[in-house]
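Geometric and topological summary
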Amino acid sequence: MSMSPNPFHSDTPGLAIDPATVTGIAHTDGLVTTWSMASQLPHAGYLPAELMRRLGNLHQRHPFEWIAVEHASMGTTRKRTAEFHGLLRGAIEIWAFQNGRIPVKRYMPTSIKKHLTGNGRATKQQMMAACRTLLGIAPKNDNEADAAALLSLALADRKAKQIQSQARRSQPRQRRL
């Protein structure tokens, strides 16, 4: 999958998740993969429990201090899709809360696509090509591409906030009279 050195290096380890039937995962240590999350289950509670179990296992092997998640169901007209994505996001947020209150930030799909391609309505093929060209990774599928793009956006967002914070701290304080 990787074609060059890790494009996601960060001083603070993080995780990007594109929750779906095939969930895309990208970690700042360079891991980019997918998890198959079956949509036909014997019990409604199985899916969130399984996702939470996998997050726990991943966190043990690849620790992270923040999570970026795609807010995929926004704008969909398909009720079952919105419910499915909401269930997965809820499981992620509950797991994060129960495991040290790890911060979770949501990103819209159009923002993720625009960040990597310049087009908020980029196709799956365009996203995969942008990952190869701009990030130097070869995703196996669009879910890996989306997770990698999400991680890239989250890192850029975190860096921008860090720069803004440093700029505010470096400005001289005005004395009140």
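Here the structure is shown first, and the text comes after it.
All figures in this text were calculated on a predicted structure; none of them were measured in a lab.

**Points about the overall build of the chain**
The helix and strand tally for the chain stands at 5 helices and 5 strands. Each helix and strand of the chain, ordered N terminal to C terminal, gives the series β-β-β-α-β-α-β-α-α-α. Here the C-alpha radius of gyration of the chain, 17 Å, is about what a compact globule of 177 residues would show, namely 16 Å. Counting only C-alpha atoms and orienting by the principal axes, one finds that the chain spans roughly 70 × 35 × 35 Å. Counting across all 177 residues of the chain, residues that qualify as buried make up 41%. Contacts spanning at least 24 positions in sequence make up 60% of the contacts within the chain whose residues lie at least 6 apart.

**Observations regarding the pairing of strand E2 (residues 22-27)**
Of all 6 residues that make up E2, 5 are buried, and the element is covered over most of its length. The pairing of strand E1 (residues 14-18) with E2 spans 4 bridges and is antiparallel. The residue of E2 that forms the bridge with Ala16 is Ala26. Where E2 meets strand E3 (residues 32-36), 5 bridges bridge the pair, whose relative direction is antiparallel. Bridging from a neighbouring strand, Ile25 pairs with Thr33 of E3. Following E2, the chain reverses through 4 residues before pairing antiparallel with E3; Gly30 in that reversal takes a positive phi of roughly 105°.

**A few points about the pattern of salt bridges**
Counting across every chain of the model gives 8 salt bridges. Across the salt bridge formed by Glu50 and Arg54, the nearest N and O atoms sit 2.7 Å from each other. With Glu50 and Arg54 both in helix H1 (residues 46-61), this residue pair falls 4 residues apart, about one helical turn. Under the relative-accessibility criterion, Glu50 is labelled buried at 10%. Glu93 is the salt-bridge partner of Arg106, the closest N and O atoms lying 2.9 Å from each other. One end of the pair, Arg106, is in strand E5 (residues 104-107); the other, Glu93, is in helix H2 (residues 79-98), and 13 residues separate them in sequence.

**Here's the deal with H2**
Because an α-helix packs 3.6 residues into every turn, residues spaced three or four apart end up facing the same way. For H2, built from 20 residues, the straight-helix expectation of 28 Å at 1.5 Å per residue is met to within 8% by its first-to-last C-alpha distance of 28 Å. What H2 keeps buried is the set Phe84, His85, Leu88, Arg89, Ala91, Ile92, Trp95 and Ala96. Across the axial projection of H2, the buried residues extend over an arc of 150°, all falling on one side. Among the exposed residues of H2, those pointing more than 90 degrees away from its buried face are Lys79, Arg80, Phe97 and Gln98. Positive phi shows up at Gly100, right after H2, with a value of about 95°.

The rules we used
Think of each chain on its own: its residues are numbered from 1, step by step along the sequence as written. Given that the model is predicted, a residue must reach a pLDDT of at least 70 before its local features are reported, and side-chain atom pairs must reach 80 or more before they are shown or counted; all residues, however, enter totals for whole chains, interfaces and linings. In computing side-chain properties, one takes all heavy atoms of the structure into account and sets aside hydrogens as well as water. For the purposes of this entry, the term helix denotes a DSSP run of H or I that reaches at least four residues, the term strand denotes a run of E that reaches at least two, and both are numbered from the N terminus. The globule rule used here is 2.2 Å times the number of residues to the 0.38 power, and the radius of gyration it is set against is calculated over C-alpha atoms. Any residue under 20% of the maximum accessible area for its type is buried, any over 50% is exposed, and the rest in between are partly exposed; the area is computed with a 1.4 Å probe on protein chains only. Only heavy atoms matter for contacts: two residues are in contact if any of them lie within 4.5 Å across the pair. Paired strands, as defined in this entry, are two strands with at least two bridges between them according to DSSP. For this analysis, a salt bridge means a side-chain nitrogen from Lys or Arg found within 4 Å of a carboxyl oxygen belonging to Asp or Glu. What a helix should span is 1.5 Å times the count of its residues minus one. What the arc measures is the spread of directions leading from the helix axis to the C-beta atoms.

Bear in mind that shape data such as this cannot, by itself, settle questions of function.
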